Amino acid sequence: MKIITNTLSFLWKTWFVTYMFISTLFFYPFLLVSIVLLKNYNLTYKIYRIWAWSICFSIGIIPRITNKHLIPQEENFIIVANHSSQIDIIVPYTKFKHHFAFLAKEELKKLPFFNINFKGMNVTVDRKSMVSGNSSLKQCSDKLSQGISLLIFPEGTRSKKAPQMRPFKAGLFKLAIENQTSILPLVFLDNYKRLAGGKKAFEGGAGPGLSRMVVLDPISTKGMTLKDIDELKNKTTALMKAEIDAHLT
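Predicted model only: the values in this text are computed from it and were never measured. (Residues numbered from 1 in each chain as written. Predicted model: local features only at pLDDT ≥ 70, side-chain atom pairs only at ≥ 80, totals over all residues. Heavy atoms only, no water.)

Visitor: Is there a simple way to explain the packing of helix H5 (residues 171-178) against helix H7 (residues 229-246) in this structure?
Guide: Think of two packed helices as two axes; the pair is described by the angle between the axes and how far apart they sit. Axis separation between H5 and H7 bottoms out at 9 Å; the angle between their running directions is 115°. Here H5 is positioned roughly perpendicular relative to H7, judged by the angle of their axes. Judged by the sense of rotation from one axis to the other, the crossing of H5 with H7 is right-handed. When H5 is examined against H7, the residues Phe173, Lys174 and Ile177 are found in contact with a partner set consisting of Ile229, Leu232, Lys233 and Thr236. A class-by-class count of the residues in the contact of H5 with H7 yields 4 nonpolar, 1 polar and 2 charged. (Axes fitted to C-alpha atoms, helices over the stretch in contact; angles between N-to-C directions. Helix = DSSP H or I, 4+ residues; strand = E, 2+ residues; numbered from the N terminus. Parallel < 35°, antiparallel > 145°, perpendicular 65-115°, else oblique. Left-handed = near helix turned anticlockwise from the far one by under 90°. Contact = heavy atoms within 4.5 Å. Nonpolar A, V, L, I, M, F, W, Y, C, P; charged D, E, K, R; others polar.)

Visitor: What is the right way to read the packing of aromatic side chains from this model?
Guide: Here a ring pair, both rings aromatic, is described through the centre-centre distance and the interplanar angle of the planes. Going through the model one piece at a time under the given rule, you end up with 16 aromatic pairs. On the basis of an interplanar angle of 85° and a centroid distance of 5.1 Å, the ring pair of Phe26 and Phe27 is categorised as edge-to-face. What makes Phe27 buried here is its relative accessible area of 8%. Taken together, Phe26, Phe27, Phe30, Trp51, Phe102, Phe114 and Phe118 form an aromatic cluster joined through their ring pairs. (Phe/Tyr/Trp six-rings, centres within 6.5 Å; stacked < 30°, edge-to-face > 60°. Buried < 20%, exposed > 50% of the residue type's maximum accessible area, 1.4 Å probe, protein only.)

Visitor: Help me out: how do you make sense of the pairing of strand S3 (residues 100-105) in this one?
Guide: Within a regular strand, side chains alternate between the sheet's two faces. Extensive coverage of S3 is indicated by the burial of 5 of its 6 residues. As paired elements, S3 and strand S5 (residues 149-152) share 3 bridges and run parallel to each other. Across the sheet, Phe100 pairs through a bridge with Ser149, a residue of S5. (Pairing = 2+ DSSP bridges.)

Visitor: I'm lost on the pairing of strand S7 (residues 209-215) in this one. Help?
Guide: Of all 7 residues making up S7, 5 are buried, and the element is well covered by its neighbours. In terms of strand pairing, strand S6 (residues 182-188) meets S7 through 3 bridges, oriented antiparallel. Looking at S7, one finds that Phe188 is bridged to Met213.

Visitor: Help me understand the sheet that holds S3, please; the structure alone is not making it clear to me.
Guide: Pairing between sheet strands relies on hydrogen bonds along the backbone, with the strands arranged either parallel or antiparallel. Taking strand neighbours across the sheet as the criterion, the 7 strands line up as S1-S7-S6-S2-S5-S3-S4 in an open arrangement whose pairing is mixed. Unpaired on one side and paired on the other, strand S1 (61-66) and strand S4 (123-125) mark the two borders of the sheet. The mean angle between the axes of side-by-side strands here comes to 25°, regardless of whether they run parallel or antiparallel. Relative to S4, S3 runs parallel, the two being bridged by 3 bridges. Looking across to S4, one finds that Ala104 is bridged to Thr124. Sheet strands in contact with H7 are strand S2 (77-81), S6 and S7, and its direction is about 30° off that of S6.

Visitor: Mind showing me how you'd approach the side chain of Thr94 here?
Guide: As for its placement among the helices and strands, Thr94 is situated in helix H3 (residues 92-95). Among the polar contacts listed, one links the side chain of Thr94 to the backbone oxygen of Val91, at a separation of 2.6 Å. Every residue in contact with Thr94, bar those within four places of it in the chain, is listed here: Arg49, Ala52, Trp53, Cys56, Pro63 and Met213. (Polar contact = N/O pair within 3.5 Å; in protein donor to acceptor, adjacent residues only side chain to side chain.)

Visitor: I tried to follow the pattern of salt bridges on my own but got confused; where do I start?
Guide: Where charged atoms of side chains with opposite charge meet at close range, the side chains can pair. Tallied over the full model, the rule gives 5 salt bridges. Across the pair Lys174 and Glu178 runs a salt bridge whose closest N-O atoms are separated by 2.7 Å. Linking Lys174 with Glu178, this pair stays in helix H5, spanning 4 residues, or about one helical turn. Classification of Glu178 by relative accessible area gives partly exposed; the value is 46%. Several salt bridges converge on common partners, so that one network encompasses Asp190, Lys193 and Arg212. (Salt bridge = Lys/Arg side-chain N within 4 Å of Asp/Glu carboxyl O.)

Visitor: Is there a simple way to explain unusual backbone geometry in this structure?
Guide: Trans peptide bonds make up the majority, and among non-glycine residues the majority have a negative phi. Cis geometry marks the peptide bond from Ala162 to Pro163, where omega comes out at 10°. Assignment of secondary structure puts Pro163 in the loop between S5 and H5. Non-glycine residue Asn67 carries a positive phi angle of around 65°. Within the secondary structure, Asn67 is located in the loop between S1 and S2. With a relative accessible area of 29%, Asn67 lands in the partly exposed category.

Set out below in structure tokens:
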């Protein structure tokens, strides 16, 4: 039975990687025009949404969102989400109509064709470089000043023990306070089951099914100072952990 399960998981992951390659090539010309030539990021976001839906449909992922009404409509915000899978960046596009940019690891900037996404639309960071970290936060701050929301994974990298989360880094909370921008906690409940993170490309379980997202109450940073970074980080961590734990019992 285990052999069959592992074989099906391997085939599903192979199809996922294959479709990502094919769809990246297909959408590349559209992104080249919208990002590089037109610099129209609202148009780019619409393309992203179509791309994300095509991925979910092709690999059998069914996005679901709870508490969508909590998403702010009149102001930008920072989406703070747990990170356990490669599809964490894909699924939100299917349900968030509000334009957001995401912060990703520097390595993605080196991928042929996919690197078009970082020509001004999104931001990358070298997690081993303090200089890069400061530069990335400055770019994120610029995005917020332009009225663009952000999606940031505070764990920095995918958790290998999902659904348990890795410790949150303080950078994004500093960013939120400095810009007096609300934090919108977002919890992924199933993505680690759909496509588990691992050191190797085909390591861990995988398969089609539900991808549930839960939006939690926005956390205002109005009036907060840098002295409140730890308090804000701990509050966000506790709320997200409680939501994850509630669905495990």
